[in-house]
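Architecture at a glance
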Amino acid sequence: MAGRVYVSFLGTSNYVEFIYNIDGKPSSPTRFIQEALVERYCKDWGKDDAILIFATKNAKRKNWKDNGHDGETNDLYNQGLENSFKGMTLNPDLRIDCIKIPEVESQEDIWELFNIVNDEIKSYKEIYFDITHAYRFIPMFAMSLFNYSQFVNGTNVVSVKYAMLNYSEEQLKEIRKDVKLENRDVQEVLDLTSLIDLQDYTQIASDLKTYGRLDSFATSVNESESTLSSEIKKFDEYIQTNNLGKLRDGEYVKNILYCLDNTIESLSPMTNIKQEIKSLFDKYGFVETKSYRNVIAAINWAKEYEMLPQSYTLLEELMISIVVDSIKDLDKNPYKQSSDLFKFREFVGALLGLDYDLLTDYDQLKDGSEVKKNFSFIASIFSQRSWIKDLKTPYKHISARRNNLNHANGKHTYRNLLSVFESEYSQCIEIINNNTTFLLS
């Protein structure tokens, strides 16, 4: 991509010479806000950059070329923007163009205008936009176009400026005729870049409300809130990667809620988004301590936003983890060492996945399997943790559908998997809540 582009729309009025206050610094006297802004931002631009002025045929005749306004005798007033730029000390390799646009009178004209502007700006990385003389709907049009270009072309609007020229044509005539330059008010130039931020906030809110994703929020918070950004990124990643262990840990919840509770109040829409995130953490039941309740909360989150692979995977692994922790202290447990954890989980997966009748018949079990090697432990489990029998049926369904999702066998449609998950999830959580409260505290 090329570098920077200054974009402005040129009108037809006979502009009056003013000094402009831009970012607290006065410009040189000029009829054209474009000249003042180029002086402020573009003096060091080079061959990879551009100044693009969009104008209708009439605007180009009146204000791009010299002598566009009949009846003016002062040479300054007759000089067009083209020669005003030529009189500045700019890099000779800097592209400066006036591009013809249609007089917009129909929907077809709007799309023609869209294509003209988009074709010109799409190759530039950074856009500096001046909306001072953008007539009627042009500011709204341009904001929508720049938002489109950001997603499609990777452009980025870094500045939006607007000069406060609140004068009628009659007042401008009087100023031009009777008021000396040194007695004219300095014209303030407003920074409206936050209008672009609003579009970013809209995308952040959409990502959250539609998909339950927080990565765009995490990358948009202020640099002073780096801890919040980091912890939010962790949470988003933990869900996307089905990281049950990290989700169970309540440290990220504690850090996120602390940052949200101590955020600096402002009028920015980000404040509302932060409040929404906090309410969602409360809604789904996240807690600030290490607990399987955080995993259940994460499944609720994934379920709400239709993250099916995460929903099925986390629920299956949660059931295995709950059973592992529930039976690990039984007397006949052969998996006492931490190094045995993988085999222990393999054993529990088989325990939950095999038919109960098979688990009580030693001869039918597969030779060398974990369940056959530890057949005596199975009887101890079912006698002391009878509720595990109830967990077997929903586990088998969840496990089978998880395999369907992860191994691309296509036995179920997305909507079918979504509709049956709710009932099976509710059944699993009811069994867990009724029998393992000591694990969820």
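Data block above holds the structure.
The structure displayed is predicted, hence computed values, not measured ones.

For the rest of this paragraph, the subject is the overall build of the chain. From N to C terminus, the chain includes 22 helices and 8 strands. The C-alpha atoms of the chain give 33 Å as radius of gyration, which overshoots the globular expectation for 441 residues (22 Å, by more than 25%). By principal-axis analysis of the C-alpha atoms, the chain measures approximately 110 × 45 × 35 Å. A buried classification covers 48% of the 441 residues belonging to the chain.

Locating glutamate 304 in the fold gives a position in helix H14 (residues 292-304). Distance in space between the C-alpha atoms of glutamate 304 and glycine 285 is 13 Å, their sequence separation being 19 residues. Discounting chain neighbours no more than four positions away, the residues touching glutamate 304 are Lys283 and Tyr284.

Further remarks concern the nonpolar core. In this structure, Phe235, Phe286, Trp301 and Leu318 are the most contacted members of the largest nonpolar core, which totals 76 residues. Looking at this core, the element that brings in the most residues is helix H15 (residues 308-327), giving 11 residues. When near neighbours in sequence (up to four residues on either side) are disregarded, phenylalanine 286 contacts Phe235, Tyr252, Val253, Phe281, Asn294, Ala297, Ala298 and Trp301. Within the second largest apolar cluster, 31 residues are counted, among which are Phe18, Ile51, Phe85 and Ile175.

Right, let's get into helix H12 (residues 251-261). Burial in H12 covers these residues: Tyr252, Val253, Ile256, Leu257, Cys259 and Leu260. Taken around the axis of H12, the buried residues stretch over an arc of 160°, which confines them to a single face. At its buried positions, H12 is contacted by helix H10 (226-240), helix H11 (244-248), helix H13 (269-284) and H14.

What follows covers the packing of helix H16 (residues 341-353) against helix H20 (residues 387-406). Taken N-terminus to C-terminus, the directions of H16 and H20 make an angle of 85°; their axes are 8 Å apart at the nearest point. Here H16 is positioned roughly perpendicular relative to H20, judged by the angle of their axes. Contacts from Gly349, Leu351, Leu352 and Gly353 in H16 reach Ile388, Leu391, Lys392, Tyr395 and Lys396 in H20.

On to the environment of cysteine 428. By the element assignment, cysteine 428 lies in helix H21 (residues 414-435). Sequence separation between cysteine 428 and aspartate 390 is 38 residues, and the spatial gap between their C-alpha atoms is 8.8 Å. In this structure, cysteine 428 is in contact with Leu315, Met319, Leu391 and Pro394, ignoring residues within four places of it in sequence.

A surface patch of nonpolar side chains, about 310 Å² in accessible area, is lined by Tyr148, Phe151 and Val152. Considering the arrangement of structural elements, one finds valine 152 in helix H6 (residues 138-153).

A sheet is described by the order of its strands in space; here 8 strands give the open sequence S3-S2-S8-S7-S6-S1-S4-S5, paired in mixed fashion. Pairing within the sheet leaves two strands with one partner each, and these edge strands are strand S3 (25-26) and strand S5 (95-100). Strand contacts of H6: strand S1 (2-9), strand S6 (124-130) and strand S7 (156-163), with the helix running at about 165° to S6, the strand carrying the most contacts.

For serine 291, the location among the structural elements is in the loop between H13 and H14. By relative accessible area, which is 1% here, serine 291 ends up buried. Reaching out from serine 291, the side chain makes a polar contact with the backbone nitrogen of arginine 293 at a distance of 3.0 Å.

On to the side chain of serine 311. Examined against the element boundaries, serine 311 turns out to sit in helix H15. Using a relative accessible area of 1% as the deciding quantity, one classes serine 311 as buried. A polar contact of 3.4 Å, which involves the side chain of serine 311, links it to the backbone nitrogen of lysine 303. Aside from chain neighbours lying at most four places away, what touches serine 311 is Ile299, Ala302, Lys303 and Phe421.

Cut-off values and rules
Residues numbered from 1 in each chain as written. Predicted model: local features only at pLDDT ≥ 70, side-chain atom pairs only at ≥ 80, totals over all residues. Heavy atoms only, no water. Helix = DSSP H or I, 4+ residues; strand = E, 2+ residues; numbered from the N terminus. Rg over C-alpha atoms; globule rule 2.2 N^0.38 Å. Buried < 20%, exposed > 50% of the residue type's maximum accessible area, 1.4 Å probe, protein only. Contact = heavy atoms within 4.5 Å. Core = buried A, V, L, I, M, F, W, Y, C linked by side-chain atoms within 4.5 Å. Arc of directions from axis to C-beta. Axes fitted to C-alpha atoms, helices over the stretch in contact; angles between N-to-C directions. Parallel < 35°, antiparallel > 145°, perpendicular 65-115°, else oblique. Patch = residues over 30% accessible without salt bridge, like charges linked within 9 Å, V, L, I, M, F, W, Y side chains within 5 Å. Areas by Shrake-Rupley, 256 points an atom, 1.4 Å probe, with all protein chains shown as cover. Salt bridge = Lys/Arg side-chain N within 4 Å of Asp/Glu carboxyl O. Pairing = 2+ DSSP bridges. Polar contact = N/O pair within 3.5 Å; in protein donor to acceptor, adjacent residues only side chain to side chain.

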